[in-house]
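Spelled out, the chains give:
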Amino acid sequence: RSGELATARAAAKMGICMSLSSLASSSIEEVSEAAAGGLRWYQLNIMSDQSVTRNMVSRAEAAGYRALAVTVDQPVRGRWYQDMRQKLSLPSYVRPANFDIAYAQLHGLKSSHNDITSIIHLILKIITCPGLSWDYIDWLRSITNLPVILKGILSVQDAKEAVKHGVSGIWISNHGGRQLDTVPATIEVLPDIARAVGDKVEIYVDGGIRYGTDVLKALALGAKAVFIGRPVIWGLAYNVSYTD
């Protein structure tokens, strides 16, 4: 339950950015309070319910988040075979805090469902948008002054189109390889995207970053910075109570 809070404190201590997931078990506000001086982005999933999007964007702005990292590679949820094989379930105390708050504020209710796995599956339907188009990005930019960074770009064509629509950054990501089979590795597409738009927007990359040499390779190939996921989880498993 305290994973995001510990991550925020550690990131602030190290002077690096933390990007908070929409599905986090700690709320936008809780993470902000835990590491008030840290650099935080909010990872915003595309949602068909625009009132929820507005709620989360305004809360991120008020809590001092510095950018919106918008996930664009999940207009519909893929078949995550590993989760299916492992029959992934979550303990009841791990709740999607941001959605609990959003629906309480918007509809005057709070989910009391005890089956957290069912709640997550319901939310995963909400945070998809089969009709996703570039118009959504234009609308999102119209409701916020925060920089908008698109997460999930894998092609030069999409990167160029993103720049035309005024985004501030490109985050090359393949969703950990879970969302769509046979997509390229992020490091493979990084050089072409960096050559195409790297002089116009900042380029970030994730996926398979395990060593310092991986970071150096990404920077040499045109990335401004890298993002990591699994190494953070391993660190939390070792010491989730990190505070200093």
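Data block above holds the structure.
Residues numbered from 1 in each chain as written. Predicted model: local features only at pLDDT ≥ 70, side-chain atom pairs only at ≥ 80, totals over all residues. Heavy atoms only, no water.

K.L.:
Any chance you could break down the overall build of the protein for me, citing the residues and the numbers?
P.N.:
Each helix and strand in the protein was counted, giving eleven helices and seven strands. Taken across its 244 residues, the protein has 44% of its residues classed as buried. Restricting the contact set of the protein to residue pairs at least 6 apart, pairs at least 24 apart contribute 66%. When the accessible surface of the protein is split by element, carbon and sulfur atoms take 54% of a total near 12,600 Å². (Helix = DSSP H or I, 4+ residues; strand = E, 2+ residues; numbered from the N terminus. Buried < 20%, exposed > 50% of the residue type's maximum accessible area, 1.4 Å probe, protein only. Contact = heavy atoms within 4.5 Å. Areas by Shrake-Rupley, 256 points an atom, 1.4 Å probe, with all protein chains shown as cover.)

K.L.:
Talk me through the sheet that holds strand β7 (residues 225-227); I want residue IDs and the actual numbers.
P.N.:
With respect to topology, seven strands assemble into an open sheet ordered β1-β2-β3-β4-β5-β6-β7, the strand pairing being parallel. Here the strands that pair on one side only, and so sit at the sheet edges, are β1 (17-21) and β7. Sheet twist, expressed as the mean angle between neighbouring strand axes with direction ignored, is 25°. Bridge analysis of strand β2 (residues 39-45) against strand β3 (residues 67-71) gives five bridges, and the strand direction is parallel. Bridge assignment links glutamine 43 to a residue of β3, and that residue is alanine 69. Strands in contact with helix α3 (residues 50-62) are β2 and β3; relative to β2, the strand with the most contacts, it is inclined by about 180°. (Pairing = 2+ DSSP bridges. Axes fitted to C-alpha atoms, helices over the stretch in contact; angles between N-to-C directions.)

K.L.:
Run through the packing of aromatic side chains, naming residues and quoting values.
P.N.:
One pass over the structure, following the stated rule, counts seven aromatic pairs. Pairing tryptophan 41 with tryptophan 171 gives two aromatic rings, centres 6.4 Å apart and planes at 65°, and the pair type is edge-to-face. With tryptophan 41 in strand β2 and tryptophan 171 in strand β5 (residues 169-172), this residue pair connects regions lying 130 residues apart in the sequence. No difference in accessibility class separates tryptophan 41 from tryptophan 171, as the two residues are buried. With a centroid separation of 5.4 Å and 45° between ring planes, the pair formed by tryptophan 41 and phenylalanine 227 is classed as tilted. Of this pair, tryptophan 41 sits in strand β2 while phenylalanine 227 sits in strand β7, and the two are 186 residues apart along the sequence. (Phe/Tyr/Trp six-rings, centres within 6.5 Å; stacked < 30°, edge-to-face > 60°.)

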